[in-house]
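# Geometric and topological summary
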Amino acid sequence: ALWCLMMSVTPTGGSLLDLPWEDILVPHILCHLPLQQLLSLQRVSKSFQSLIQLYLANMRCFDSSQIGPAIPRAAFVNLLKDNEVLQHLALQNCSEWLTDRELLPVIGQNHHLHQIQLKGCAQLSRHALVAISLSCPQLRQLSLAHCEWVDSLSLRSLADHCKALEAVDLTACRQLKDEAICYLVQKCGRLKSLSLAVNANVGDVAVEETAKCCPELEHLDLTGCLRVKNDSIRVLAEYCPKLRSLKVKHCHNVAESSLSILRSRGVELDVEPPLQRALVLLQDVVGFAPFINLQI
């Protein structure tokens, strides 16, 4: 494919590089090629290297998964050093190499970011989240799943400066307690999706405040939040009419008495009704589904 691109000609008999770079090549041709191939294309000639650098400087989306998790630090810095127009930055599972030193310059020069994905980036610090909050006022979606460096102070900074947030993933951010979550939802009332999964410090106080402050909430993940109980689920049902899905698996203090309200409204739940759950368990034990007469 790269060879065909290099050898292609225009209708007038010129080479590919004779086409307008900023008007044709960058927005209409290069954008359809995988990032890995574009990086290989840089090695063809100095002209192609200049073309790819122009593309990288005007790139709106950078997703590390298109290259692979083991990007050399120097390569990452070089790829984005001239870019000031990023809107979507995805660096999930780059914990082997990504630190504040590499990330902060990118965040500092890109003030139009709408989406940032940092799932599993364990070597960052709270300074990364503070930098995001100060540099990205238009931020809509943020994933910090399994980033245990996220603390209450950095989350407060995010809440104070990024009030247009619609989706936040705080899965396994184990430093966070109810107070920090309450502050976030009080400031970011437009939230439609929130994950507080795998956090034993999150309880009814955070869930109830989320319900009361975020009437647009559609998706809530409370998987493994052992302190969440029935009362907060009832408040959620009362204050969040747009709720579409709720995850409460391994929340042992949440029972069908509260979930049935949401179930009757068609909310997607990740736990089955008691009777169906019992039948599945029985099937696992005896190896077949028993015939049960449910008529009274």
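Reading guide: rules and limits
- Residues numbered from 1 in each chain as written.
- Predicted model: local features only at pLDDT ≥ 70, side-chain atom pairs only at ≥ 80, totals over all residues.
- Heavy atoms only, no water.
- Helix = DSSP H or I, 4+ residues; strand = E, 2+ residues; numbered from the N terminus.
- Buried < 20%, exposed > 50% of the residue type's maximum accessible area, 1.4 Å probe, protein only.
- Contact = heavy atoms within 4.5 Å.
- Expected span 1.5 Å × (residues − 1).
- Polar contact = N/O pair within 3.5 Å; in protein donor to acceptor, adjacent residues only side chain to side chain.
- Salt bridge = Lys/Arg side-chain N within 4 Å of Asp/Glu carboxyl O.
- Pairing = 2+ DSSP bridges.

Following the sequence through the fold, L176 ends up in the loop between β5 (167-169) and α9 (178-187). What makes L176 buried here is its relative accessible area of 0%. Remark: the alpha-carbon pair of L176 and N199, spanning 23 residues in sequence, is separated by 7.9 Å. Once residues within four sequence positions are removed from consideration, L176 is found in contact with V150, D151, S152, L155, L170, I181, N199, N201 and V202.

So, on to unusual backbone geometry. Notably, H146 is not glycine yet its phi reads approximately 65°, a positive angle. With respect to the helices and strands, the residue H146 is situated in the loop between β4 (141-143) and α8 (152-161). Phi angles above zero are rare outside glycine, and V198 is one such case at about 55°. Here V198 shows up in the loop between β6 (193-195) and α10 (204-213). V198 gets classed as partly exposed once you look at its relative accessible area, which sits at 34%.

Bringing helix α4 (residues 46-57) into the picture now. Taking 1.5 Å as the rise per residue, α4 with 12 residues should run 16 Å; its terminal C-alpha atoms sit 16 Å apart, in good agreement. Every buried residue of α4 is listed here: F48, L51, I52, Y55, L56 and A57.

This part is about the side chain of S135. By the secondary structure assignment, S135 is in helix α7 (residues 126-135). Residue S135 is classed as buried on the basis of its relative accessible area, which comes to 11%. When neighbours within four sequence positions are excluded, S135 is seen to be in contact with I107, G108, N110 and H111.

Take N110: it is sitting in the loop between α6 (100-108) and β3 (115-117). At 3.1 Å, the side chain of N110 forms a polar contact with the backbone oxygen of N83. If we ignore the near neighbours within four places in the chain, the residues touching N110 are N83, E84, V85, L86, S135 and C136.

This brings us to the pattern of salt bridges. Applying the stated criterion across every chain yields a total of 11 salt bridges. Between R73 and E102 there is a salt bridge whose closest N-O contact spans 3.8 Å. With R73 in helix α5 (residues 73-80) and E102 in helix α6, the pair connects residues that are 29 residues apart, well separated along the chain. Taking the relative accessible area as the measure of exposure, R73 reaches 39% and is therefore partly exposed. We classify E102 as buried; its relative accessible area is 7%. A salt bridge links K242 to E216; the shortest N-O distance between them is 2.7 Å. Here K242, found in the loop between α11 (230-239) and β8 (245-247), pairs with E216, found in the loop between α10 and β7 (219-221); they are 26 residues apart in sequence, far enough to count as distant. The exposure class of K242 is partly exposed, given its relative accessible area of 42%.

Spatial ordering of the open sheet is given by β1-β2-β3-β4-β5-β6-β7-β8-β9, a layout of 9 strands whose pairing is parallel. With partners counted over all chains shown, the strands left at the sheet margins are β1 (61-63) and β9 (268-269), one partner each. Taken together, the 3 bridges between β3 and β4 define a ladder with parallel strand orientation. Within β4, the position partnered with I116 by the bridge is L142.

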